[in-house]
Amino acid sequence: MHHTIGEILRTIRYSSYQDDLRGLKHDLMMFDIPDWYYLNLEHSQADHLPPEKEDLLLRFFALDPAILPQLRTAPDLQQAVNDAMLTLLDKHAWQFRRLQLPWPDSAQVAQHFDSPQNPDPDAKFRYADLLRFLRVTILKKPVVTLADYFDLPPLIYWQMETAQKPLTADMVAWLKEVLNTDDLRQYTHADDLMTAVDQAHDGGFVMDL
């Protein structure tokens, strides 16, 4: 048993959209995929597409491209796609639960640790404080969101935000980038972080992940 790329895409699309072609076309636009191009692929008898195109199409359906070889040789393609969709739903449900998990107040926890970074005795804030300030005050995101952004386990990110572990060089570079400075001392030595941000950005600081 060997399924073409057209059979696979058609089966996945029907599981995801049924006959809602309007919704499909709308979502394809978000990925900059022409709807005529995609619909033509559903009739393709090819076994493979270029890897980057296969990856894009599987990401469009929020499926791991690694599942494609299994779908190609599945004895029952519809059942294999249904199983993949159920796994995806379970994954999304777990991610939602992760976002709801409460974490202790990191500002209170951080008070009990001396940061190994920026040991300047005149500094009022540590890099961990800057990271926590951006997450809580500016981004208003949960711990898990920032952990995922930096590709870190939530506990490791949490330990960095609470000054238990030093920030990575990439995280320090990120702080400089989003705060638009080559010298973080204008923030670590500030009397008030929000005032420092407002002054540096003329009250127009906006960011998102």
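Residues numbered from 1 in each chain as written. Predicted model: local features only at pLDDT ≥ 70, side-chain atom pairs only at ≥ 80, totals over all residues. Heavy atoms only, no water.

> I tried to follow the overall build of the chain on my own but got confused; where do I start?
Along the backbone of the chain there are 13 helices and zero strands. The buried share of the chain, taken over its 209 residues, is 41%. On the chain, roughly 12,500 Å² of surface is accessible, and the fraction owed to carbon and sulfur atoms is 53%. (Helix = DSSP H or I, 4+ residues; strand = E, 2+ residues; numbered from the N terminus. Buried < 20%, exposed > 50% of the residue type's maximum accessible area, 1.4 Å probe, protein only. Areas by Shrake-Rupley, 256 points an atom, 1.4 Å probe, with all protein chains shown as cover.)

> I tried to follow the packing of aromatic side chains on my own but got confused; where do I start?
Aromatic ring pairs: the centre-centre distance and the angle between the two ring planes describe each pair. Summed over all chains, the structure comprises nine aromatic pairs. Seen in terms of ring centroids, Y149 and W174 are 6.0 Å apart; in terms of plane orientation they differ by 55°. Their pairing is tilted. Separated by 25 residues along the polypeptide, Y149 in helix α9 (residues 143–149) and W174 in helix α11 (residues 169–178) bring together distant segments of the chain. Here W174 falls in the buried class, since its relative accessible area comes to 6%. On the basis of an interplanar angle of 90° and a centroid distance of 5.1 Å, the ring pair of F150 and W174 is categorised as edge-to-face. (Phe/Tyr/Trp six-rings, centres within 6.5 Å; stacked < 30°, edge-to-face > 60°.)

> Looking at this model, I keep getting lost on the packing of helix α8 (residues 127–139) against helix α10 (residues 154–161). Mind explaining?
The axes of two packed helices give the description: the angle between them and the distance between them. One can describe the packing of α8 onto α10 by two numbers: an axis separation of 8 Å at closest approach and a directional angle of 115°. Taking contact as the criterion, the partners of A128, L131, R132 and R135 in α8 are, on α10, Y157, M160 and E161. (Axes fitted to C-alpha atoms, helices over the stretch in contact; angles between N-to-C directions. Contact = heavy atoms within 4.5 Å.)

> What is the right way to look at the pattern of salt bridges in this model?
Working definition: two side chains of opposite charge can pair if their charged atoms are close together. Per the counting criterion, the structure on display carries seven salt bridges. Taking the shortest distance from any N to any O, the salt bridge between E54 and R72 comes out at 2.5 Å. With E54 in helix α4 (residues 51–60) and R72 in helix α5 (residues 68–72), the pair connects residues that are 18 residues apart, well separated along the chain. You'll find E54 and R72 in the same group, each marked buried. The salt bridge involving D129 is made with R126; its shortest N-O contact spans 3.4 Å. (Salt bridge = Lys/Arg side-chain N within 4 Å of Asp/Glu carboxyl O.)

> How should α11 be read in this particular structure?
For α11, the complete set of buried residues consists of M171, V172, W174, L175 and V178. On an axial view of α11, the arc spanned by its buried residues comes to 155°, and they lie on one face. Every exposed residue of α11 that faces more than 90 degrees away from the buried side is listed here: A169, D170 and E177. On its buried face, α11 is in contact with α8, α9 and α10. (Arc of directions from axis to C-beta.)

> Would you explain the nonpolar core in this entry?
Taken as a class, soluble globular proteins show a tendency for nonpolar side chains to be buried jointly. The biggest cluster of nonpolar side chains holds 29 residues, and the ones touching the most others in it are L130, Y157 and W174. Among the secondary structure elements, those contributing two or more residues to this core are α8, α9, α10, α11 and α13 (193–200). In terms of residue count, α8 provides more of this core than any other element does, seven residues in total. (Core = buried A, V, L, I, M, F, W, Y, C linked by side-chain atoms within 4.5 Å.)

> For this particular structure, what's the right way to read the side chain of E54?
Classification of E54 by relative accessible area gives buried; the value is 9%. The residues contacting E54, other than those within four sequence positions of it, are I5, D47, H48, L49, L68 and R72.

> I'm lost on the packing of α8 against α13 in this one. Help?
Packing of α8 against α13 leaves a shortest axis separation of 11 Å and a crossing angle of 80°. With respect to each other, α8 and α13 are oriented roughly perpendicular. Taken together, the residues of α13 that come into contact with α8 (itself represented by D129, L130, F133, T137 and I138) are L193, M194 and V197. Across the contact of α8 with α13, the residue classes break down as six nonpolar, one polar and one charged. (Parallel < 35°, antiparallel > 145°, perpendicular 65-115°, else oblique. Nonpolar A, V, L, I, M, F, W, Y, C, P; charged D, E, K, R; others polar.)

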